[in-house]
Amino acid sequence: MNILDLAQTYIADLKRKTVKEWVGPCPNCGGTDRFMVWVERNKFNCRGCGATGGPVAFLCKFGNMSCPDAHDEVGEDCNYSSCPVWDKC
């Protein structure tokens, strides 16, 4: 599962800004265009609240999933070397 698919599930107003970037309101802090999704990098960032990361971090932060559940959802192993949110688990 990629970050754009996830973001479109959680953010109804996500719109394409450029070929490589989508913007919309942050699921955490709102706004209109402060939440950015970069398709090629498979990453997101919010200029408002500072939330950032990839699909696993997105599901942990906005989907209220545990780290192992988020890894299962995106089909990645959960281990220290590959987990971008290990310190928050």
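Residues numbered from 1 in each chain as written. Predicted model: local features only at pLDDT ≥ 70, side-chain atom pairs only at ≥ 80, totals over all residues. Heavy atoms only, no water.

**Student:** So what exactly am I meant to see when it comes to the overall build of the protein here?
**Tutor:** Summing up its helical and strand segments, the protein has 3 helices and 5 strands in all. The secondary structure elements of the protein, listed N-terminal to C-terminal, are α-β-β-β-β-β-α-α. Evaluated residue by residue, the protein yields a buried proportion of 38% over its 89 residues. Excluding contacts between residues fewer than 6 apart, the proportion of contacts in the protein whose partners are at least 24 apart in sequence is 24%. (Helix = DSSP H or I, 4+ residues; strand = E, 2+ residues; numbered from the N terminus. Buried < 20%, exposed > 50% of the residue type's maximum accessible area, 1.4 Å probe, protein only. Contact = heavy atoms within 4.5 Å.)

**Student:** Looking at this model, I keep getting lost on helix α2 (residues 55-62). Mind explaining?
**Tutor:** Note that an α-helix has 3.6 residues per turn; residues three or four places apart therefore point the same way. Taking burial as the measure, the 8 residues of α2 include 6 buried ones, the bulk of the element. Buried residues of α2: Pro55, Val56, Ala57, Phe58, Leu59 and Phe62, and no others. Summarising the contacts, the buried residues of α2 are in contact with α1 (3-10), β2 (21-26), β3 (30-38), β4 (43-46), β5 (52-53) and α3 (67-74). One or two steps after α2, the chain reaches Asn64, where phi turns positive at roughly 50°.

**Student:** Teacher, can you tell me more about unusual backbone geometry here?
**Tutor:** Glycine aside, residues mostly have negative phi angles, and peptide bonds mostly take the trans form. Positive phi, normally seen in glycine, also occurs at Asn42, with a value near 60°. Within the element layout of this structure, Asn42 appears in the loop between β3 and β4. Despite not being glycine, Asn64 has its phi angle at roughly 50°, a positive value. With respect to the helices and strands, Asn64 occurs in the loop between α2 and α3.

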